[in-house]
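Structure assessment
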Amino acid sequence: MTEQEKAVLRENIARVKDRAAEAAIRAGRRPEEITLVAATKMNNAERVRFAVENGIAVCGENRVQELLEKYELSAYGSADLQFIGTLQTNKVKYLIGKVSLIQSVGSLRLAQAIDRAAGKHGIRQPILLEVNIGREQAKSGFMPNEIWKFLDKTSELGNLDIRGLMAIPPAAPSDGNNLYYFHEMSQLFIDISTKKYDNVSMACLSMGMTNDFEDAISCGSTMIRVGTAIFGARSYAGQP
Ligand SMILES: *Cc1c(COP(=O)(O)O)cnc(C)c1O
């Protein structure tokens, strides 16, 4: 990395934290209630390591292979490592013991696979349930009305620690406004919180990315996943 790149990255991290803190305060919330997860996909180990050394405490990766490569290179250092991407059941085993949270669990089948793998390791794996809040055909995640059926089965998933919900709303319309979906997620989060399910504690509501994290915070997000505003636009060629 050049000195210039380092300066930009350092500045971006500070700016995103400031913006998140200001959004929290505007919403009458405390800045500490919001966890910033740096979405590190397509950024190489050197850039990730530099970010961690300069204020990033949580990293979220999207692809298992990419995570393992950077993990071997000690990219994440002291940071908490989470998985935020689409996960195939046959790849689950590579993550157990490495990630503190799997955010993107959108089917009973995947939850069962994680439960089994965690059991083999003798741990309880923290996860979030991904909700397909835009009800998009092509996207993974539980449909909002399906999630209740899943919650009735969580007593069979004793090696999971289900901490909350995660959502990726549809690509924002031209006005950049995902408030509708964020409100809906927030309501679902509250509705689930008022009920008692085994192995479930609704502590974490993960929503908000570069284009909309302030809106997400205004609707109760406790965890934002930010890539572009920290690392700049991703180049899909030649990385990492
Ligand atoms: C890439 C990614 C993000 C961050 O996206 P930006 O728009 O670059 O901030 C957040 N969540 C998930 C699941 C991602 O894949």
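One structure accompanies this document, and this report is about it. (Residues numbered from 1 in each chain as written. Predicted model: local features only at pLDDT ≥ 70, side-chain atom pairs only at ≥ 80, totals over all residues. Heavy atoms only, no water.)

1. Overview of the site of the ligand
Close to the ligand lie Ala39, Lys41, Asn62, Ile84, Ile168, Met209, Thr210, Arg225, Val226, Gly227, Thr228 and Arg234, which account for all nearby residues. The separation between an oxygen atom of the ligand and a polar side-chain atom of Asn62 is 2.7 Å. When isolated, the ligand has an accessible area of 390 Å², and the protein chains bury 91% of it. Looking at the shell around the ligand residue by residue, the class counts come to 5 nonpolar, 4 polar and 3 charged. (Near = heavy atom within 4 Å. Polar contact = N/O pair within 3.5 Å; in protein donor to acceptor, adjacent residues only side chain to side chain. Areas by Shrake-Rupley, 256 points an atom, 1.4 Å probe, with all protein chains shown as cover. Nonpolar A, V, L, I, M, F, W, Y, C, P; charged D, E, K, R; others polar.)

2. Re the nonpolar core
Leu87, Ile102, Ile114, Leu129, Ile147, Leu165 and Ile230 are the most contacted members of the largest nonpolar core, which totals 68 residues. A total of 6 residues in this core trace back to one element, the largest contributor, which is helix H1 (residues 3-26). Leaving out residues up to four positions away in the same chain, Leu129 has contacts with Gln103, Val105, Phe142, Ile147, Phe150, Leu151, Ile162, Gly164, Leu165 and Met166. Listed in part, the 7 residues of the second largest apolar core include Leu101, Met166, Cys204 and Met223. (Core = buried A, V, L, I, M, F, W, Y, C linked by side-chain atoms within 4.5 Å. Buried < 20%, exposed > 50% of the residue type's maximum accessible area, 1.4 Å probe, protein only. Helix = DSSP H or I, 4+ residues; strand = E, 2+ residues; numbered from the N terminus. Contact = heavy atoms within 4.5 Å.)

3. Some thoughts on helix H5 (residues 108-121)
Since the α-helix packs 3.6 residues into each turn, any two residues three or four apart lie on the same face. With 14 residues, H5 should cover 20 Å at 1.5 Å per step; its first-to-last C-alpha distance of 20 Å lies within 8% of that length. Within H5, the full set of buried residues consists of Leu110, Ala111, Ala113, Ile114, Asp115, Ala117 and Ala118. Its buried side turned inward, H5 meets helix H4 (92-95), strand E4 (101-105), strand E5 (125-131), helix H6 (147-151) and strand E6 (160-167). Downstream of H5 by one or two residues, Gly122 has phi in the positive range, about 70 degrees. (Expected span 1.5 Å × (residues − 1).)

4. Examining the pairing of strand E2 (residues 58-61)
Residues of E2 alternate between two faces, with Val58 and Gly60 on one and Cys59 and Glu61 on the opposite face, all of them buried. Bridge count between strand E1 (residues 35-39) and E2: 2 bridges; the pairing is parallel. Of the residues in E2, the one forming a bridge with Ala38 is Cys59. With respect to chirality, the unit in which E1 leads through helix H2 (residues 45-53) into the neighbouring parallel E2 is right-handed. Summarising the sheet, E2 and strand E3 (residues 80-83) pair through 4 bridges and their orientation is parallel. Pairing of Glu61 across the sheet is with Phe83, part of E3. Regarding topology, helix H3 (residues 64-72) serves as the crossover connection from E2 to the parallel E3, and that connection is right-handed. (Pairing = 2+ DSSP bridges. Right-handed = clockwise from strand over helix to strand, strands pointing away.)

5. Let's talk about the packing of H1 against H2
Where H1 meets H2, the closest approach of the two axes is 10 Å, and the angle between their N-to-C directions is 50 degrees. The pairing of H1 with H2 is recorded here as oblique in orientation. Helix-helix and strand crossings are classified by hand; for H1 and H2 the assignment is right-handed. Seen from H1, the contacting residues are Lys6, Leu9, Arg10 and Ile13; seen from H2, they are Arg47, Phe50 and Ala51. Its residues assigned to classes, the contact of H1 with H2 comprises 4 nonpolar, no polar and 3 charged. (Axes fitted to C-alpha atoms, helices over the stretch in contact; angles between N-to-C directions. Parallel < 35°, antiparallel > 145°, perpendicular 65-115°, else oblique. Left-handed = near helix turned anticlockwise from the far one by under 90°.)

6. Remarks on the packing of aromatic side chains
Counted according to the given criterion, the structure contains 2 aromatic pairs. Considering the side-chain rings of Phe142 and Phe150, the 4.8 Å spacing of their centres and the 45 degrees angle between planes classify their relative orientation as tilted. The exposure class of Phe142 is buried, given its relative accessible area of 5%. Residue classification places Phe150 among the buried positions, given a relative accessible area of 3%. When the ring centre of Tyr71 is taken as origin, the NZ or CZ atom of Lys98, which lies over that ring, is 5.3 Å away. (Phe/Tyr/Trp six-rings, centres within 6.5 Å; stacked < 30°, edge-to-face > 60°. Lys NZ or Arg CZ within 6 Å of the ring centre and 35° of its normal.)

7. Looking at the side chain of Arg29
Looking at where Arg29 falls in the secondary structure, it is placed in the loop between H1 and E1. Within polar-contact distance, the side chain of Arg29 engages the backbone oxygen of Ile217 at 2.9 Å. Every residue in contact with Arg29, bar those within four places of it in the chain, is listed here: Ala24, Ile34, Ile217, Gly220, Ser221 and Thr222.

8. Details of unusual backbone geometry
Residue Arg135 is not a glycine yet carries a positive backbone phi of 50 degrees. Along the chain, Arg135 turns up in the loop between E5 and H6. Of note, Asn199 is a non-glycine position whose phi angle comes to about 65 degrees, a positive value. Looking at where Asn199 falls in the secondary structure, it is placed in the loop between helix H7 (179-193) and strand E7 (200-206). Judged by its relative accessible area of 21%, Asn199 falls in the partly exposed class.

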